[in-house]
Amino acid sequence: MRHLLSLVIVIVLLLATSSSAFRLQGHTSNPNPPSSSSSSSSSSSSSLHSAPPSSPSSGSITLFSPCKINLSLSIIRKEPTGYHSLSSIFQVIDSVGDTITLSLKPPNDESSSLSSSLSSSLSSSLSSSLSSEDTMTCSDPTLPCGPSNLALRPVELYRAALLASTRSRSSSYVLPPVHVHLSKRVPLEGGLGGGSANAATVLHGLDVLVRRSAEAEAKAEAKGGLGGERLSELSESLGSDVTFFLDANRLSGSALCTGRGEVIDPTKVAVGMWEGAEAEAEAEAEAEAKGNPKGNPKGNLESNLKSKVGALVEIFKVKNCGCGTPSVFAALNLAVGDPFLPPLLGGPPPPTGKLLGVSGGPAGGRFVFGNDLEEAAFSVQPRIRRLKEEMVRTGRWEVVMMSGSGASLFAIGDRGERGERGRSGGGENEEGEGEDEGEDADYDPDGEVERLRRGEWPRGCEGGVEYFVGRASRRGEGEDSWYPDPNGSEE
(Lines give C-alpha, C1' and ligand atoms only; values in the text may rest on other atoms or scores of the structure.)
Protein backbone atom coordinates (compact mmCIF):
# COMPACT_ATOMS: atom_id res chain seq x y z
CA MET A 1 0.00 0.00 0.00
CA ARG A 2 2.81 2.39 0.87
CA HIS A 3 4.49 1.66 -2.46
CA LEU A 4 1.22 2.28 -4.34
CA LEU A 5 0.76 5.60 -2.54
CA SER A 6 4.29 6.60 -3.53
CA LEU A 7 3.55 5.88 -7.17
CA VAL A 8 0.39 8.00 -7.01
CA ILE A 9 2.41 10.89 -5.55
CA VAL A 10 5.00 10.47 -8.30
CA ILE A 11 2.34 10.65 -11.01
CA VAL A 12 0.74 13.74 -9.48
CA LEU A 13 4.08 15.52 -9.22
CA LEU A 14 4.94 14.60 -12.77
CA LEU A 15 1.64 15.92 -14.11
CA ALA A 16 2.20 19.14 -12.21
CA THR A 17 5.65 19.61 -13.68
CA SER A 18 5.03 18.34 -17.21
CA SER A 19 5.17 21.82 -18.73
CA SER A 20 8.75 22.30 -17.57
CA ALA A 21 9.87 18.69 -17.91
CA PHE A 22 12.74 17.76 -20.13
CA ARG A 23 13.01 14.59 -22.10
CA LEU A 24 16.09 12.80 -23.26
CA GLN A 25 14.66 11.78 -26.61
CA GLY A 26 14.60 12.82 -30.28
CA HIS A 27 13.61 16.43 -31.18
CA THR A 28 13.40 17.98 -34.62
CA SER A 29 15.09 21.05 -33.16
CA ASN A 30 18.37 19.17 -32.83
CA PRO A 31 20.83 21.19 -34.95
CA ASN A 32 22.96 18.15 -35.68
CA PRO A 33 20.65 15.17 -35.96
CA PRO A 34 22.13 11.90 -37.15
CA SER A 35 20.74 10.67 -40.43
CA SER A 36 19.63 7.34 -39.02
CA SER A 37 16.77 5.60 -40.73
CA SER A 38 15.66 4.18 -37.39
CA SER A 39 13.47 5.74 -34.75
CA SER A 40 12.14 5.06 -31.31
CA SER A 41 10.16 1.86 -31.23
CA SER A 42 6.86 1.01 -29.64
CA SER A 43 7.66 -2.68 -29.90
CA SER A 44 6.45 -4.80 -27.04
CA SER A 45 7.85 -8.04 -25.69
CA SER A 46 5.34 -9.93 -27.83
CA SER A 47 7.23 -8.92 -30.99
CA LEU A 48 10.76 -9.73 -29.97
CA HIS A 49 11.99 -10.51 -33.46
CA SER A 50 10.35 -7.78 -35.47
CA ALA A 51 12.19 -5.37 -37.75
CA PRO A 52 13.87 -2.27 -36.28
CA PRO A 53 12.02 1.08 -36.23
CA SER A 54 12.05 2.82 -39.59
CA SER A 55 11.08 6.47 -39.02
CA PRO A 56 13.90 9.02 -38.78
CA SER A 57 14.65 10.34 -35.32
CA SER A 58 17.45 12.27 -33.63
CA GLY A 59 16.92 9.90 -30.69
CA SER A 60 18.26 6.93 -32.65
CA ILE A 61 21.67 5.74 -33.70
CA THR A 62 22.85 2.75 -35.76
CA LEU A 63 26.31 1.35 -35.12
CA PHE A 64 28.44 -1.49 -36.43
CA SER A 65 29.39 -4.06 -33.78
CA PRO A 66 32.58 -5.82 -34.95
CA CYS A 67 34.20 -9.06 -33.86
CA LYS A 68 37.71 -9.87 -32.67
CA ILE A 69 40.24 -12.62 -33.08
CA ASN A 70 42.98 -13.71 -30.68
CA LEU A 71 46.28 -13.56 -32.51
CA SER A 72 48.07 -15.08 -29.55
CA LEU A 73 46.48 -16.56 -26.44
CA SER A 74 48.46 -17.92 -23.52
CA ILE A 75 46.96 -19.42 -20.38
CA ILE A 76 49.02 -18.51 -17.30
CA ARG A 77 47.33 -20.35 -14.42
CA LYS A 78 44.04 -21.06 -12.69
CA GLU A 79 43.37 -18.49 -9.99
CA PRO A 80 41.70 -19.09 -6.59
CA THR A 81 38.63 -17.28 -7.94
CA GLY A 82 38.14 -20.10 -10.43
CA TYR A 83 39.03 -17.88 -13.38
CA HIS A 84 42.09 -18.50 -15.53
CA SER A 85 44.61 -15.70 -15.96
CA LEU A 86 45.81 -15.22 -19.51
CA SER A 87 47.73 -13.01 -21.88
CA SER A 88 46.42 -12.44 -25.36
CA ILE A 89 46.78 -10.11 -28.31
CA PHE A 90 43.29 -9.14 -29.50
CA GLN A 91 42.57 -7.69 -32.94
CA VAL A 92 39.33 -6.14 -34.20
CA ILE A 93 38.10 -7.43 -37.58
CA ASP A 94 35.73 -5.60 -39.92
CA SER A 95 33.15 -7.09 -42.30
CA VAL A 96 32.34 -9.75 -39.71
CA GLY A 97 30.01 -7.99 -37.32
CA ASP A 98 26.50 -7.22 -36.16
CA THR A 99 24.50 -4.02 -36.53
CA ILE A 100 22.80 -2.37 -33.56
CA THR A 101 20.14 0.33 -33.61
CA LEU A 102 19.43 2.18 -30.36
CA SER A 103 16.25 4.22 -30.07
CA LEU A 104 15.24 6.39 -27.13
CA LYS A 105 11.50 5.93 -26.56
CA PRO A 106 9.07 8.37 -24.99
CA PRO A 107 7.50 6.80 -21.88
CA ASN A 108 4.02 5.35 -22.36
CA ASP A 109 2.65 8.32 -20.45
CA GLU A 110 3.97 11.55 -21.95
CA SER A 111 3.63 13.18 -18.54
CA SER A 112 6.26 10.88 -17.06
CA SER A 113 9.14 13.02 -18.34
CA LEU A 114 11.41 14.08 -15.56
CA SER A 115 11.64 17.66 -14.41
CA SER A 116 15.06 18.83 -13.27
CA SER A 117 13.44 20.08 -10.09
CA LEU A 118 12.40 16.62 -8.88
CA SER A 119 14.12 15.24 -5.82
CA SER A 120 16.70 12.47 -6.01
CA SER A 121 14.33 9.99 -4.35
CA LEU A 122 11.69 10.71 -6.96
CA SER A 123 14.36 10.27 -9.66
CA SER A 124 15.20 6.82 -8.35
CA SER A 125 11.54 5.75 -8.40
CA LEU A 126 11.06 6.98 -11.94
CA SER A 127 14.33 5.43 -13.13
CA SER A 128 13.12 2.02 -11.93
CA SER A 129 9.81 2.53 -13.70
CA LEU A 130 11.42 3.56 -16.99
CA SER A 131 13.86 0.65 -17.03
CA SER A 132 10.99 -1.82 -17.09
CA GLU A 133 10.01 -0.40 -20.49
CA ASP A 134 13.33 -1.19 -22.19
CA THR A 135 12.75 -3.54 -25.11
CA MET A 136 14.77 -5.50 -27.62
CA THR A 137 14.26 -7.17 -30.98
CA CYS A 138 16.67 -9.39 -32.89
CA SER A 139 17.00 -10.76 -36.41
CA ASP A 140 17.90 -14.18 -34.97
CA PRO A 141 14.79 -15.84 -33.52
CA THR A 142 16.91 -18.26 -31.50
CA LEU A 143 18.42 -15.52 -29.35
CA PRO A 144 16.72 -14.45 -26.10
CA CYS A 145 15.74 -10.78 -26.09
CA GLY A 146 15.52 -10.38 -22.33
CA PRO A 147 17.92 -8.99 -19.70
CA SER A 148 20.32 -11.90 -20.20
CA ASN A 149 21.26 -10.65 -23.67
CA LEU A 150 24.50 -8.66 -23.66
CA ALA A 151 22.97 -6.15 -26.06
CA LEU A 152 20.27 -5.21 -23.50
CA ARG A 153 22.05 -5.65 -20.17
CA PRO A 154 24.17 -2.47 -20.51
CA VAL A 155 21.09 -0.22 -20.73
CA GLU A 156 20.08 -0.38 -17.08
CA LEU A 157 23.73 -0.32 -16.02
CA TYR A 158 24.27 2.88 -18.01
CA ARG A 159 21.02 4.41 -16.74
CA ALA A 160 21.98 3.90 -13.10
CA ALA A 161 25.49 5.28 -13.64
CA LEU A 162 24.17 8.33 -15.48
CA LEU A 163 21.63 9.04 -12.74
CA ALA A 164 24.31 8.78 -10.06
CA SER A 165 26.65 11.00 -12.06
CA THR A 166 24.14 13.77 -12.68
CA ARG A 167 22.74 13.59 -9.15
CA SER A 168 26.22 14.42 -7.86
CA ARG A 169 25.91 17.66 -9.83
CA SER A 170 22.74 18.56 -7.88
CA SER A 171 20.41 17.74 -10.74
CA SER A 172 19.12 14.30 -11.73
CA TYR A 173 19.00 13.18 -15.36
CA VAL A 174 17.22 9.95 -16.28
CA LEU A 175 17.69 7.94 -19.44
CA PRO A 176 14.23 7.17 -20.88
CA PRO A 177 13.20 3.69 -22.08
CA VAL A 178 15.48 2.31 -24.77
CA HIS A 179 14.72 0.00 -27.66
CA VAL A 180 17.60 -2.13 -28.95
CA HIS A 181 17.46 -3.85 -32.31
CA LEU A 182 20.22 -6.36 -33.04
CA SER A 183 20.87 -7.54 -36.56
CA LYS A 184 22.97 -10.64 -35.85
CA ARG A 185 25.72 -11.94 -38.10
CA VAL A 186 28.63 -12.96 -35.85
CA PRO A 187 28.30 -16.71 -35.23
CA LEU A 188 27.35 -17.78 -31.73
CA GLU A 189 29.91 -19.59 -29.54
CA GLY A 190 32.57 -18.86 -32.11
CA GLY A 191 35.27 -17.29 -29.92
CA LEU A 192 34.85 -14.02 -31.82
CA GLY A 193 33.55 -11.85 -28.99
CA GLY A 194 30.26 -11.00 -30.69
CA GLY A 195 28.26 -10.62 -27.48
CA SER A 196 31.02 -8.59 -25.81
CA ALA A 197 31.18 -6.28 -28.82
CA ASN A 198 27.40 -5.84 -28.63
CA ALA A 199 27.65 -4.71 -25.00
CA ALA A 200 30.48 -2.28 -25.76
CA THR A 201 28.62 -0.89 -28.77
CA VAL A 202 25.48 -0.25 -26.71
CA LEU A 203 27.45 1.53 -23.97
CA HIS A 204 29.16 3.75 -26.53
CA GLY A 205 25.95 4.40 -28.46
CA LEU A 206 23.99 5.42 -25.36
CA ASP A 207 26.72 7.86 -24.38
CA VAL A 208 26.65 9.42 -27.84
CA LEU A 209 22.86 9.79 -27.68
CA VAL A 210 23.02 11.39 -24.24
CA ARG A 211 25.63 13.91 -25.36
CA ARG A 212 23.65 14.81 -28.47
CA SER A 213 20.38 15.20 -26.61
CA ALA A 214 21.94 17.17 -23.76
CA GLU A 215 23.55 19.52 -26.26
CA ALA A 216 20.32 19.96 -28.23
CA GLU A 217 18.30 20.70 -25.09
CA ALA A 218 21.03 22.71 -23.35
CA LYS A 219 21.02 20.40 -20.36
CA ALA A 220 24.36 21.05 -18.72
CA GLU A 221 23.85 18.33 -16.11
CA ALA A 222 24.19 15.59 -18.75
CA LYS A 223 26.67 17.33 -21.00
CA GLY A 224 29.51 15.00 -21.86
CA GLY A 225 27.61 11.85 -20.91
CA LEU A 226 29.72 9.49 -18.83
CA GLY A 227 32.86 9.54 -20.93
CA GLY A 228 35.22 6.80 -22.05
CA GLU A 229 36.91 6.14 -18.71
CA ARG A 230 33.62 5.59 -16.89
CA LEU A 231 32.30 3.40 -19.71
CA SER A 232 35.38 1.20 -19.38
CA GLU A 233 34.73 0.83 -15.66
CA LEU A 234 31.12 -0.18 -16.32
CA SER A 235 32.16 -2.66 -19.00
CA GLU A 236 34.19 -4.76 -16.56
CA SER A 237 31.00 -6.02 -14.90
CA LEU A 238 29.57 -7.17 -18.23
CA GLY A 239 32.28 -9.57 -19.36
CA SER A 240 36.01 -10.02 -19.75
CA ASP A 241 36.20 -8.98 -23.42
CA VAL A 242 33.82 -6.00 -23.36
CA THR A 243 36.47 -3.52 -22.21
CA PHE A 244 38.73 -4.38 -25.14
CA PHE A 245 36.33 -2.97 -27.73
CA LEU A 246 36.19 0.31 -25.80
CA ASP A 247 39.92 0.63 -25.07
CA ALA A 248 41.69 -0.98 -28.03
CA ASN A 249 44.45 1.04 -29.66
CA ARG A 250 42.78 3.62 -31.90
CA LEU A 251 45.40 3.24 -34.63
CA SER A 252 45.52 -0.54 -34.90
CA GLY A 253 42.39 -1.98 -33.25
CA SER A 254 44.62 -4.22 -31.16
CA ALA A 255 45.76 -4.51 -27.54
CA LEU A 256 47.47 -6.83 -25.10
CA CYS A 257 44.81 -8.20 -22.74
CA THR A 258 45.76 -9.78 -19.42
CA GLY A 259 44.06 -10.84 -16.19
CA ARG A 260 40.81 -12.48 -17.28
CA GLY A 261 41.10 -10.40 -20.45
CA GLU A 262 39.77 -7.22 -18.87
CA VAL A 263 43.18 -5.54 -18.26
CA ILE A 264 43.89 -3.69 -21.49
CA ASP A 265 47.28 -2.40 -22.64
CA PRO A 266 46.65 -0.53 -25.92
CA THR A 267 50.34 0.39 -26.24
CA LYS A 268 51.04 -3.11 -27.61
CA VAL A 269 50.26 -2.50 -31.28
CA ALA A 270 49.92 -5.47 -33.62
CA VAL A 271 51.84 -3.83 -36.45
CA GLY A 272 52.05 -7.23 -38.14
CA MET A 273 48.33 -6.91 -38.95
CA TRP A 274 48.81 -3.74 -41.02
CA GLU A 275 50.38 -4.13 -44.44
CA GLY A 276 53.90 -2.70 -44.50
CA ALA A 277 53.75 -1.32 -40.94
CA GLU A 278 55.87 -4.04 -39.34
CA ALA A 279 58.92 -3.41 -41.53
CA GLU A 280 58.69 0.33 -40.95
CA ALA A 281 58.36 -0.10 -37.19
CA GLU A 282 61.42 -2.38 -37.16
CA ALA A 283 63.41 0.16 -39.15
CA GLU A 284 62.46 2.93 -36.74
CA ALA A 285 63.38 0.81 -33.73
CA GLU A 286 66.74 -0.01 -35.28
CA ALA A 287 67.39 3.65 -36.01
CA GLU A 288 66.57 4.59 -32.43
CA ALA A 289 68.87 1.87 -31.09
CA LYS A 290 71.71 3.31 -33.18
CA GLY A 291 71.12 6.77 -31.77
CA ASN A 292 69.62 8.23 -34.92
CA PRO A 293 67.91 11.44 -33.77
CA LYS A 294 65.27 10.98 -36.46
CA GLY A 295 64.35 7.59 -35.12
CA ASN A 296 61.05 8.12 -33.34
CA PRO A 297 59.10 4.85 -33.40
CA LYS A 298 56.12 6.18 -31.49
CA GLY A 299 55.61 9.31 -33.56
CA ASN A 300 56.26 7.70 -36.91
CA LEU A 301 54.27 4.60 -36.06
CA GLU A 302 51.22 6.81 -35.55
CA SER A 303 51.54 8.51 -38.91
CA ASN A 304 52.46 5.28 -40.69
CA LEU A 305 49.53 3.24 -39.38
CA LYS A 306 46.97 5.81 -40.50
CA SER A 307 47.83 5.08 -44.10
CA LYS A 308 48.02 1.30 -43.80
CA VAL A 309 45.50 -1.29 -44.92
CA GLY A 310 44.55 -4.03 -42.48
CA ALA A 311 45.66 -7.58 -43.19
CA LEU A 312 43.13 -9.90 -44.81
CA VAL A 313 41.59 -12.44 -42.42
CA GLU A 314 39.45 -15.43 -43.41
CA ILE A 315 37.23 -17.00 -40.76
CA PHE A 316 35.79 -20.53 -40.89
CA LYS A 317 33.39 -22.16 -38.45
CA VAL A 318 31.74 -25.56 -38.53
CA LYS A 319 27.99 -25.05 -38.75
CA ASN A 320 25.98 -25.90 -35.63
CA CYS A 321 29.18 -26.43 -33.71
CA GLY A 322 29.77 -24.19 -30.71
CA CYS A 323 32.19 -24.21 -27.81
CA GLY A 324 30.91 -23.01 -24.48
CA THR A 325 33.75 -21.15 -22.77
CA PRO A 326 33.26 -22.86 -19.37
CA SER A 327 33.46 -26.34 -20.91
CA VAL A 328 36.67 -25.49 -22.77
CA PHE A 329 38.39 -24.12 -19.67
CA ALA A 330 37.17 -27.12 -17.68
CA ALA A 331 38.85 -29.37 -20.26
CA LEU A 332 42.20 -27.79 -19.36
CA ASN A 333 41.84 -29.65 -16.06
CA LEU A 334 44.08 -27.26 -14.11
CA ALA A 335 44.16 -27.17 -10.33
CA VAL A 336 44.12 -23.79 -8.59
CA GLY A 337 47.57 -22.22 -8.78
CA ASP A 338 48.88 -24.64 -11.38
CA PRO A 339 50.63 -22.91 -14.28
CA PHE A 340 49.81 -23.92 -17.82
CA LEU A 341 52.98 -25.24 -19.40
CA PRO A 342 54.64 -24.50 -21.64
CA PRO A 343 53.82 -20.76 -21.66
CA LEU A 344 53.17 -19.66 -25.20
CA LEU A 345 53.25 -15.88 -25.03
CA GLY A 346 56.68 -14.27 -24.97
CA GLY A 347 58.52 -17.56 -24.75
CA PRO A 348 60.83 -19.03 -27.38
CA PRO A 349 58.83 -20.01 -30.45
CA PRO A 350 58.89 -23.55 -31.78
CA PRO A 351 61.18 -24.08 -34.79
CA THR A 352 58.32 -23.72 -37.27
CA GLY A 353 56.29 -21.21 -35.24
CA LYS A 354 55.04 -18.14 -37.05
CA LEU A 355 55.75 -14.78 -35.40
CA LEU A 356 53.54 -11.72 -35.05
CA GLY A 357 55.16 -8.30 -34.98
CA VAL A 358 53.94 -6.30 -31.98
CA SER A 359 55.31 -2.85 -31.22
CA GLY A 360 56.34 -2.73 -27.57
CA GLY A 361 56.01 -6.48 -27.05
CA PRO A 362 58.46 -8.94 -25.44
CA ALA A 363 60.95 -11.16 -27.24
CA GLY A 364 62.17 -8.40 -29.53
CA GLY A 365 58.70 -7.10 -30.30
CA ARG A 366 57.32 -10.43 -31.48
CA PHE A 367 54.66 -12.77 -30.19
CA VAL A 368 54.01 -16.32 -31.30
CA PHE A 369 50.85 -16.99 -33.25
CA GLY A 370 49.11 -19.69 -31.24
CA ASN A 371 46.30 -20.55 -28.85
CA ASP A 372 46.73 -22.58 -25.67
CA LEU A 373 43.03 -23.46 -25.67
CA GLU A 374 43.05 -25.34 -28.97
CA GLU A 375 43.59 -28.85 -27.66
CA ALA A 376 40.98 -28.37 -24.94
CA ALA A 377 38.46 -27.11 -27.50
CA PHE A 378 39.28 -29.96 -29.87
CA SER A 379 38.47 -32.43 -27.09
CA VAL A 380 35.09 -30.72 -26.60
CA GLN A 381 34.33 -30.45 -30.33
CA PRO A 382 36.48 -32.84 -32.43
CA ARG A 383 35.06 -31.40 -35.64
CA ILE A 384 37.11 -28.23 -35.05
CA ARG A 385 40.29 -30.31 -35.17
CA ARG A 386 39.07 -31.98 -38.36
CA LEU A 387 38.47 -28.60 -40.01
CA LYS A 388 41.86 -27.23 -38.96
CA GLU A 389 43.66 -30.32 -40.22
CA GLU A 390 42.00 -29.90 -43.60
CA MET A 391 42.85 -26.19 -43.75
CA VAL A 392 46.50 -26.82 -42.82
CA ARG A 393 46.77 -29.67 -45.30
CA THR A 394 45.99 -27.37 -48.21
CA GLY A 395 49.13 -25.35 -47.45
CA ARG A 396 47.29 -22.23 -48.56
CA TRP A 397 47.83 -20.01 -45.50
CA GLU A 398 50.80 -18.98 -43.38
CA VAL A 399 48.72 -19.07 -40.18
CA VAL A 400 45.73 -21.25 -39.32
CA MET A 401 44.55 -21.17 -35.70
CA MET A 402 41.53 -21.01 -33.42
CA SER A 403 40.16 -17.78 -31.99
CA GLY A 404 39.36 -17.51 -28.28
CA SER A 405 37.77 -20.62 -26.82
CA GLY A 406 36.45 -21.66 -30.25
CA ALA A 407 34.81 -22.78 -32.33
CA SER A 408 35.97 -20.44 -35.13
CA LEU A 409 39.24 -20.84 -36.99
CA PHE A 410 40.93 -18.02 -38.85
CA ALA A 411 43.56 -17.95 -41.59
CA ILE A 412 46.08 -15.21 -42.38
CA GLY A 413 48.63 -14.91 -45.17
CA ASP A 414 47.16 -16.37 -48.34
CA ARG A 415 50.07 -17.84 -50.27
CA GLY A 416 48.09 -18.03 -53.48
CA GLU A 417 47.28 -21.06 -55.55
CA ARG A 418 49.78 -23.89 -55.59
CA GLY A 419 50.96 -23.10 -59.11
CA GLU A 420 51.49 -19.43 -58.20
CA ARG A 421 53.67 -20.26 -55.21
CA GLY A 422 55.70 -22.82 -57.13
CA ARG A 423 54.91 -25.79 -54.93
CA SER A 424 54.97 -29.27 -56.37
CA GLY A 425 53.86 -31.27 -53.36
CA GLY A 426 50.71 -31.34 -51.29
CA GLY A 427 49.86 -29.05 -48.44
CA GLU A 428 51.73 -28.59 -45.18
CA ASN A 429 51.00 -30.51 -42.04
CA GLU A 430 51.08 -29.05 -38.51
CA GLU A 431 54.89 -29.22 -38.46
CA GLY A 432 55.18 -27.32 -41.71
CA GLU A 433 56.31 -30.36 -43.65
CA GLY A 434 54.89 -31.16 -47.04
CA GLU A 435 52.26 -33.84 -47.33
CA ASP A 436 53.05 -36.77 -49.59
CA GLU A 437 50.58 -36.23 -52.40
CA GLY A 438 51.20 -39.80 -53.46
CA GLU A 439 48.99 -40.91 -50.60
CA ASP A 440 46.04 -39.36 -52.43
CA ALA A 441 46.73 -38.69 -56.09
CA ASP A 442 43.31 -37.08 -56.52
CA TYR A 443 43.84 -34.52 -53.76
CA ASP A 444 43.46 -30.98 -55.08
CA PRO A 445 44.47 -28.47 -52.36
CA ASP A 446 43.30 -25.42 -54.29
CA GLY A 447 40.00 -27.10 -55.02
CA GLU A 448 39.58 -27.88 -51.33
CA VAL A 449 40.23 -24.24 -50.44
CA GLU A 450 37.49 -23.13 -52.81
CA ARG A 451 35.11 -25.72 -51.38
CA LEU A 452 35.75 -24.41 -47.87
CA ARG A 453 35.19 -20.84 -49.00
CA ARG A 454 31.86 -21.90 -50.51
CA GLY A 455 30.89 -23.27 -47.11
CA GLU A 456 31.26 -26.93 -47.99
CA TRP A 457 32.54 -29.41 -45.43
CA PRO A 458 35.87 -31.13 -46.22
CA ARG A 459 35.70 -34.12 -48.52
CA GLY A 460 34.13 -37.25 -47.13
CA CYS A 461 32.28 -35.45 -44.32
CA GLU A 462 28.72 -34.23 -44.01
CA GLY A 463 27.71 -30.79 -42.77
CA GLY A 464 28.84 -27.35 -43.76
CA VAL A 465 31.13 -24.45 -42.92
CA GLU A 466 30.33 -20.80 -42.23
CA TYR A 467 32.77 -18.53 -44.06
CA PHE A 468 33.57 -14.86 -43.51
CA VAL A 469 36.30 -12.61 -44.82
CA GLY A 470 37.41 -9.25 -43.48
CA ARG A 471 40.41 -7.15 -42.54
CA ALA A 472 42.05 -5.84 -39.41
CA SER A 473 40.05 -2.79 -38.34
CA ARG A 474 40.37 0.15 -35.95
CA ARG A 475 38.18 2.68 -34.23
CA GLY A 476 37.96 6.30 -35.35
CA GLU A 477 39.78 9.03 -33.43
CA GLY A 478 36.91 11.34 -32.44
CA GLU A 479 35.05 11.03 -29.13
CA ASP A 480 31.84 9.96 -30.87
CA SER A 481 33.55 7.77 -33.46
CA TRP A 482 33.18 4.00 -33.43
CA TYR A 483 34.33 1.14 -35.62
CA PRO A 484 33.43 1.85 -39.24
CA ASP A 485 30.72 -0.20 -40.87
CA PRO A 486 32.12 -1.76 -44.05
CA ASN A 487 28.56 -1.76 -45.41
CA GLY A 488 28.15 1.94 -44.74
CA SER A 489 25.10 1.68 -42.46
CA GLU A 490 26.60 3.51 -39.45
CA GLU A 491 24.84 6.78 -38.68
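Keep in mind it's a predicted model, so treat the numbers as computed, not measured.

**Considering the overall build of the protein**
- Within the protein one finds 13 helices and 13 strands.
- Counting only residues that meet the buried cut, the protein has 53% of its 491 residues in that class.
- A sequence separation of at least 24 residues applies to 73% of the contacts in the protein between residues at least 6 apart.
- Accessible area for the protein stands at about 21,000 Å²; split by element, carbon and sulfur atoms hold 50% of it.

**Quick look at the side chain of Asn 371**
- Along the polypeptide, Asn 371 turns up in strand S10 (residues 370–371).
- On the basis of relative accessibility, which here comes to 8%, the residue Asn 371 falls in the buried class.
- Polar side-chain contacts of Asn 371 include one of 3.0 Å to the backbone oxygen of Met 402.

**A word on the layout of surface pockets**
- Quantified by volume, the largest pocket comes out at close to 1,200 Å³.
- For the largest pocket, the lining is made up of 45 residues, of which Leu 150, Ser 196, Asp 241, Thr 325 and Ser 405 are closest to its centre.
- Put simply, the parts of the chain that give the lining of the largest pocket at least two residues each are strand S1 (60–78), strand S2 (84–104), helix H4 (194–216) and helix H9 (325–332).
- Among the residues forming the lining of the largest pocket, the class breakdown is 19 nonpolar, 20 polar and 6 charged.

**As for the packing of aromatic side chains**
- Going through the model one piece at a time under the given rule, you end up with 5 aromatic pairs.
- Aromatic pair Phe 316 and Trp 397: ring centres 5.6 Å apart, planes at 65°, arrangement edge-to-face. Of this pair, Phe 316 sits in strand S7 (residues 312–318) while Trp 397 is found in strand S11 (residues 397–402), placing the two residues 81 residues apart along the sequence.
- Classification of Phe 316 by relative accessible area gives buried; the value is 0%.

Calculation notes
- Residues numbered from 1 in each chain as written.
- Predicted model: local features only at pLDDT ≥ 70, side-chain atom pairs only at ≥ 80, totals over all residues.
- Heavy atoms only, no water.
- Helix = DSSP H or I, 4+ residues; strand = E, 2+ residues; numbered from the N terminus.
- Buried < 20%, exposed > 50% of the residue type's maximum accessible area, 1.4 Å probe, protein only.
- Contact = heavy atoms within 4.5 Å.
- Areas by Shrake-Rupley, 256 points an atom, 1.4 Å probe, with all protein chains shown as cover.
- Polar contact = N/O pair within 3.5 Å; in protein donor to acceptor, adjacent residues only side chain to side chain.
- 1 Å grid on protein atoms, 1.4 Å probe; cavity = no way out; pocket = protein on both sides within 12 Å on 5 of 7 lines; lining within 4 Å.
- Points joined across faces, edges and corners; volume = space filled by probe spheres on them.
- Nonpolar A, V, L, I, M, F, W, Y, C, P; charged D, E, K, R; others polar.
- Phe/Tyr/Trp six-rings, centres within 6.5 Å; stacked < 30°, edge-to-face > 60°.

Function-wise, these values are silent; they only describe arrangement.
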